[in-house]
Every structure is written in structure tokens, then in C-alpha cells.
Amino acid sequence: RGPRTAAAAAAAAEKEHEYVILICHMNVIRYFVARALQLPPESWLRMRGNNCGITEIIIHPNGQASLGSFADVGHLSIEQVTFH
């Protein structure tokens, strides 16, 4: 296999996906979201999320981050949704 050009390597990297799953307290998630979106560190205090919610932060190839979902509880029944 010969060496790949930079363009071919970049194209291959765009097709690959990497998923990192973190299971942690909502305070940590809120802080990560604030920092990923380049918001002031104290902005996490203005975010609210339900227990067991799923948050998705998308890191684009250019390094920019966007929020795919925040504290989504669509996988839970209404009886299972809690916030304390």
C-alpha cells in the first residue's frame, strides 16, 4: 500500500467516527457543554437537565463543536423522568 496524499487522508478521516461515552453527574455534563461551546465557565449554572438524559456534543473536523442534543430523555417513559 502506497503513501496517501493529504487530501486522501483527510477524506478518509471525515468518514470515520469516534464515539466517547461518559456517564457522569449532570453538573459535569453542563460544564463540559459550556466549555465545548466556548461559553463562559459560569454559564453551566443556567442549564437544566433531567436525570438519565443523553447529551451529544459533535466535534467537527475543523475543531468546532456543536450541541446535537442536551439531556434528552426520549428513551424514558414519563414516569421515569426525574429532576432533583
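Sequence positions are assigned chain by chain, starting from 1 and proceeding in written order. At least 70 in pLDDT is required for a residue's local features to be given in this predicted model, at least 80 for side-chain atom pairs to be given and counted, and no such filter applies to totals for whole chains, interfaces and linings, which use all residues. Here the side-chain values reflect all heavy atoms present in the structure, with hydrogen atoms and water set aside.

Trainee: Break down the overall build of the chain for me, citing the residues and quoting the values.
Mentor: We count a stretch as a helix when DSSP gives it H or I for four or more residues in a row; a strand needs E for two or more, and each element gets its number in order from the N terminus. Each helix and strand counted, the chain has 2 helices and 2 strands in total. Ordered by position from N to C terminus, the α and β elements of the chain give α-α-β-β. The cut-offs for exposure are 20% and 50% of the maximum accessible area for each residue type, with area from a 1.4 Å probe on protein chains only; residues under the lower value are buried, those over the upper are exposed, and the others partly exposed. The 84 residues of the chain split such that 14% are buried. Long-range contacts, defined here as pairs at least 24 residues apart, represent 31% of the contacts in the chain between residues at least 6 apart. Residue-level accessible areas treat just the shown protein chains as cover; the underlying method is Shrake-Rupley with a 1.4 Å probe. As presented, the chain carries roughly 6,800 Å² of accessible surface, and 57% of it is formed by carbon and sulfur atoms. Here a residue-residue contact requires only that any non-hydrogen atoms of the pair lie within 4.5 Å.

Trainee: I'd love a proper account of a nonpolar patch on the surface, names of residues and values included.
Mentor: A cluster of nonpolar residues, Val20, Leu22, Val28, Tyr31, Phe32, Ile57, Ile59 and Leu67, forms a patch on the protein surface that exposes about 710 Å² of accessible area. At the level of secondary structure, the elements contributing two or more residues to the nonpolar patch comprise α2 (26-36) and β1 (54-59). Element by element, the count of residues in the nonpolar patch is highest for α2, at 3 residues. Relative to the assigned elements, Ile59 resides in strand β1. Classification of Ile59 by relative accessible area gives exposed; the value is 56%. Patch membership is restricted to residues that have no salt bridge and whose relative accessible area is over 30%. Joining uses 9 Å for like charges and 5 Å for the nonpolar side chains Val, Leu, Ile, Met, Phe, Trp and Tyr. A side-chain nitrogen of Lys or Arg and a carboxyl oxygen of Asp or Glu constitute a salt bridge if their distance falls within 4 Å.

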